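# Structure at a glance
What follows is the residue order along each chain.
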Amino acid sequence: MAQSGRFQLSVRILAVLASEPGAMHTSSAIAEELKESAVMVRRSFLLLHKAGLIEQKKGPHGGAKLKLPAKQIGLGDVFEASAGDWLSIEDKAVSAWIKKVRGDAVTAMNEHSLAGVVKRMKKK
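For the chain, the name recorded in an unreviewed UniProt entry is DNA-binding IscR family transcriptional regulator, with Tunturiibacter lichenicola as its organism.

Structure (structure tokens):
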């Protein structure tokens, strides 16, 4: 899945988790709700867990839930969790500049929270 697709899916998954923050949600239930592949949801779970955005529990009553309140999760945080190695450039001067641009973009994205996304989705 392309980077933008991983980011979009991660935001959508987190929005589902934010809709019931105390409940555990399985990857299969989220996949069904979002009409996505359960495998892709599980892969996103791994990235989001590694970034500290969700908690996961195995077993019959397992699943995932938000580790932080939706207001504390910025879209830049989600981007960083799902983006991976964004761009690799050999030239050190250009690479440093790209790193700064990415940092500025993440900062700007973090001005918008997951809670704002959920609020907009409820209006639809």
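This part is about the pairing of strand β1 (residues 54-57). As judged from the 4 bridges shared by β1 and strand β2 (residues 63-66), these two strands associate in the antiparallel manner. Bridge assignment links K57 to a residue of β2, and that residue is G63. Between β1 and the antiparallel strand that follows it, β2, lie 5 residues; G59 among them carries a positive phi value of about 110 degrees.

Before going further, it helps to examine the packing of helix α2 (residues 27-34) against helix α3 (residues 38-50). For any two helices packed against each other, one specifies the crossing angle of their axes together with the interaxial distance. Close contact between α2 and α3 brings their axes to 8 Å; oriented N to C, the two are set at 120 degrees. Taken together, the axis directions place α2 and α3 in an arrangement best described as oblique. For the pair α2 and α3, the sense of crossing is right-handed. Counting all contacts with α2, which are made through S27, S28, I30 and A31, the residues of α3 involved are A38, V41, R42 and F45. For the contact of α2 with α3, a count of residues per class yields 5 nonpolar, 2 polar and 1 charged.

I13, L14, I30, I54, L66 and L114 are the most contacted members of the largest nonpolar core, which totals 31 residues. Going through the elements one at a time, α1 (3-19), α2, α3, β2, α4 (75-83) and α6 (114-123) are the ones with two or more residues in this core. Among the elements that line this core, the one with the most residues is α1, at 9 residues. Every residue in contact with L14, bar those within four places of it in the chain, is listed here: L48, L53, I54, L66, V78 and L114.

Another aspect to go through is unusual backbone geometry. If you check the backbone angles, K35 has positive phi at about 55 degrees while not being a glycine. Its location among the elements puts K35 in the loop between α2 and α3. Using a relative accessible area of 72% as the deciding quantity, one classes K35 as exposed.

Across all of its chains, the model carries 3 salt bridges by this definition. The salt bridge involving R102 is made with E80; its shortest N-O contact spans 2.5 Å. Placement of the pair is R102 in helix α5 (residues 92-109) and E80 in helix α4, with a sequence separation of 22 residues. Residue classification places E80 among the partly exposed residues on the basis of a relative accessible area of 40%. A salt bridge links D104 to K100, with the nearest nitrogen and oxygen atoms 2.7 Å apart. A residue pair is termed a helical-turn pair when its members lie 3 or 4 positions apart in one helix, as D104 and K100 do in helix α5 at 4 residues.

Thresholds, definitions, all that
- Residues numbered from 1 in each chain as written.
- Predicted model: local features only at pLDDT ≥ 70, side-chain atom pairs only at ≥ 80, totals over all residues.
- Heavy atoms only, no water.
- Pairing = 2+ DSSP bridges.
- Helix = DSSP H or I, 4+ residues; strand = E, 2+ residues; numbered from the N terminus.
- Axes fitted to C-alpha atoms, helices over the stretch in contact; angles between N-to-C directions.
- Parallel < 35°, antiparallel > 145°, perpendicular 65-115°, else oblique.
- Left-handed = near helix turned anticlockwise from the far one by under 90°.
- Contact = heavy atoms within 4.5 Å.
- Nonpolar A, V, L, I, M, F, W, Y, C, P; charged D, E, K, R; others polar.
- Core = buried A, V, L, I, M, F, W, Y, C linked by side-chain atoms within 4.5 Å.
- Buried < 20%, exposed > 50% of the residue type's maximum accessible area, 1.4 Å probe, protein only.
- Salt bridge = Lys/Arg side-chain N within 4 Å of Asp/Glu carboxyl O.

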